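Residues per chain are reported as follows:
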Amino acid sequence: MTDTRSLLATLLSQAAEDAGATLSTDEARDLLTEPPRREMGDIAFPCFVLSKQLRTSPAAIATTLCDAIAGAVSDAPALGGVNAAGPYLNFTVDSAYHAAGVLRAATDEGYGRGSEGEGQTIGIDFSSPNIAKPFGIGHLRSTSIGNALGNIFRMLGYRVVGINHLGDWGTQFGKLMFAYESWGNEEALVKDPITHLYDLYVRFHKAAEEDETLLDEGRAWFKRLEDGDEQATAYWQRFRDLSLREFERIYERLGVSFEHYWGEAYYNDMLAPLVEDLDRAGLTEVSDGAVVVDMSELDMPPCLIVKADGATLYATRDLAAARYRYEQLQFKQFLYIVGAEQTVHFRQVFEVLRRMNYSWAEDCHHIPFGRIHGISTRKGTLVFLDDILNKGKERVAEIMADKPFSDQERELITEQVTVGAVLFYDLSRNRIKNYDFDWDLMLRGLRPGESGQTGPYLQYTHTRLASLERQYIETHGELPDPAAVDYALLGEDAARALITHIEKFPELLRHAARDYEPAQVSRYAIEIAELFNSFYSGGHKVVSEDRALSAARITLANATRRTLATSLGLLGVPLPARM
Ligand code: ARG
């Protein structure tokens, strides 16, 4: 346990110094590992590292250190004993003491919370779909990863500011306006804005294939918009509002929210000053009539700032956005959760910021992710997340058809299971990996008797843990006070393995944050559920007539449930009350 390790580190550092070596407590702590076999001990310290300093064999050092700290070890209630085994020192911990420390912490509110982020802000640009285009599956990944990372950083005490960089500006608006004027239908727009706008967009492109002058019409409308023309602006506002309303509905379904919807258009007034500053700093050059920042030194294409026709670009907006965000937030880090296909774009943007001498440029990170394959689409290559969720929900409802739920409950639970399945699946492998979208895999474990490493299976495990608690309360009254439990009753290997895993939770969160990798939390959740299931199915009845034993085991179950619930909560996976 954390305290035990710190205690060992202090003892080891002291003893090493007495022997004439230098070893800080941090170094000692980092060196601690686990012996290869449980019967050898719980924590091991390898003595190789000191061998050079002390000019003697690791085995001799192990013996020296062992003698030096044996007394302190036997005085420490946390520790069982120490012995030297070749080049290693092996420590046993007092398992009851250890269990008490871990489970009392883990049954407390907010287990895993950290304070290292206090007073620091992390900005996260995530989801960021494009107006007048469907909310695609790539945006699902950005949404789930960004949301999970935000939750993890919040848990560690950071102030997290989520920003939705809506794609709400650009030439597609000109096309849409022309298309709407030509073929639009007010009723259809209001009824299902995203679909209608998308249909118009598709129709425009088809028509433009036949008749290229339509492209000029589109450009002319966009120009009107850029010039602040009243009619164009009204269309823009309308399309944006209606689309945003749709996106918000999806976000609500997914349980996701943002501190700011600062879309691309938000930065319009900041573009001219940006371009001026770039010019003044001597960073730009003119190439074929366009203003660019050369990147040949880095073997990258030039970063386009202003097109020959005067239009600004995606990168221009990102540069202006970055400056504005820093001004507003004074962030410690800023994360862009965007697919790996935009890697060059972000390298260019960060490089320009660096050349502008912004020290915070190095605190901006692109957090890339892989693609989702294998999805059947309603239209071409674009998919509508809403459709996908609804399709999944039908399957879930089918599998759960014979459950004795009320209609209202059924609606809620099937929705929670569907959303949980999609989000967990999305976050269950390292983000950079591509994956196939496959409902069978996502829902594995939902059918009775089936198990799987999925959201629904973990949701189900969570409800089983909760029902054990209800069973305990029926049999023995209130849940026990964790301060008054006999932890010596949790000495079995399966219980100890679970306790050791629960103990790792706070550190796991730190690692997941450091690596920007929510998959570490998903793997952790799978492991904790599996460890509990093997404890439970290994013949360890949790609630029995034996009051003291039941109290110890329900405390373990409670700590497991809370830790699982927190993990799933960080990933955005909802917790059904029953399944
Ligand atoms: N709207 C963009 C897209 O769909 C993603 C925006 C990502 N964020 C950014 N600051 N560039 O590709």
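For the structure itself, consult the block above.
Parameters and conventions
Residues numbered from 1 in each chain as written. Predicted model: local features only at pLDDT ≥ 70, side-chain atom pairs only at ≥ 80, totals over all residues. Heavy atoms only, no water. Disulfide = S-S within 2.5 Å. Buried < 20%, exposed > 50% of the residue type's maximum accessible area, 1.4 Å probe, protein only. Near = heavy atom within 4 Å. Polar contact = N/O pair within 3.5 Å; in protein donor to acceptor, adjacent residues only side chain to side chain. Areas by Shrake-Rupley, 256 points an atom, 1.4 Å probe, with all protein chains shown as cover. Nonpolar A, V, L, I, M, F, W, Y, C, P; charged D, E, K, R; others polar. Helix = DSSP H or I, 4+ residues; strand = E, 2+ residues; numbered from the N terminus. Contact = heavy atoms within 4.5 Å. Phe/Tyr/Trp six-rings, centres within 6.5 Å; stacked < 30°, edge-to-face > 60°. Lys NZ or Arg CZ within 6 Å of the ring centre and 35° of its normal. Core = buried A, V, L, I, M, F, W, Y, C linked by side-chain atoms within 4.5 Å. Pairing = 2+ DSSP bridges. Axes fitted to C-alpha atoms, helices over the stretch in contact; angles between N-to-C directions. Salt bridge = Lys/Arg side-chain N within 4 Å of Asp/Glu carboxyl O.

By the definition in use, this model includes zero disulfides. C47 provides the cysteine sulfur closest to C66, a residue in no disulfide bond, and the two sulfurs are 9.4 Å apart. Residue C364 stays outside any disulfide, its sulfur separated by 14 Å from that of C303, the closest cysteine. On the accessibility criterion, C364 (5% relative accessible area) is buried.

Let's shift gears to the site of the ligand. All residues in the neighbourhood of the ligand are listed as D125, S128, N130, H139, H165, Y314, D318, Y336, V338, Q342 and F346. S128 places a polar main-chain atom, nitrogen or oxygen, 2.9 Å from a nitrogen atom of the ligand. Between the ligand and D318 there is a distance of 2.7 Å, counted from a nitrogen atom to a side-chain nitrogen or oxygen. Across the complex, the protein chains shield 89% of the 350 Å² of accessible surface that the ligand would expose by itself. Looking at the shell around the ligand residue by residue, the classes come out as four nonpolar, five polar and two charged.

Examined against the element boundaries, D426 turns out to sit in helix α16 (residues 407-426). Judged by relative accessible area, D426 falls into the buried class, the value being 0%. A distance of 3.0 Å separates polar atoms of two side chains, one belonging to D426 and the other to R141. With near-sequence residues (within four places) excluded, D426 lies in contact with R141, S144, I145, I372 and Y435.

This paragraph deals with the packing of aromatic side chains. Evaluation of the coordinates by the stated rule reveals 34 aromatic pairs. Ring centres of Y235 and F239 lie 5.7 Å apart, and the angle between their planes is 20 degrees; this geometry places the pair in the stacked category. Here the residue Y235 and the residue F239 both occupy positions in helix α11 (residues 230-254), the gap between them amounting to four residues, near one helical turn. Side by side, Y235 and F239 carry an identical accessibility label, which is buried. Three or more aromatic residues joined by ring pairs make a cluster, and in this case those are Y326, F331, F334, Y336, F346, F350, Y358 and W360. It is R429 that lies over the ring of Y425; its NZ or CZ is 4.5 Å from the centre.

Take the nonpolar core next. Membership of the largest hydrophobic core comes to 124 residues, with the highest contact counts inside it found for L103, M177, F239, L254, I337, I502 and L556. Here M177 is in contact with W221, L225, A232, Y235, W236 and F239, once residues within four sequence places are set aside. Formed by 36 residues, the second largest nonpolar core is a distinct cluster that contains V291, V293, L319 and V349.

We now examine the pairing of strand β2 (residues 79-85). The pairing of β2 with strand β3 (residues 88-93) spans six bridges and is classified as antiparallel. Counterpart to N83 in the pairing with β3 is N90. Here β2 hands over to β3 after two residues, with G86 in that stretch at a positive phi of 60 degrees.

In this section: the environment of G80. On the secondary structure map, G80 appears in strand β2. A relative accessible area of 49% places G80 in the partly exposed class. Spatially, the C-alpha atom of G80 lies 4.7 Å from that of D94, the residues being 14 residues apart in sequence. With sequence-adjacent residues up to four places away left out, G80 is seen in contact with T92, V93 and D94.

Once that is clear, we can look at the sheet that holds strand β1 (residues 43-46). In space, the three strands of this open sheet follow the order β1-β3-β2, with antiparallel pairing throughout. Edge positions in the open sheet fall to β1 and β2, since each of these has one partner strand only. On average, adjacent strands in this sheet sit at an angle of 20 degrees to one another, irrespective of strand direction. The pairing of β1 with β3 spans four bridges and is classified as antiparallel. Its bridge partner being in β3, P46 is matched across the sheet by Y88.

With that settled, consider the pattern of salt bridges. When their charged atoms lie close together, side chains carrying opposite charge are able to pair. Counting across every chain of the model gives 31 salt bridges. Put simply, D277 and R280 hold a salt bridge, and the shortest N to O gap is 3.4 Å. You can see D277 and its partner R280 sitting in helix α12 (residues 271-280), three residues apart, about one turn around the helix. Each of E246, R249, R253, D386, K393, E411 and E415 takes part in a single network of salt bridges with overlapping partners.

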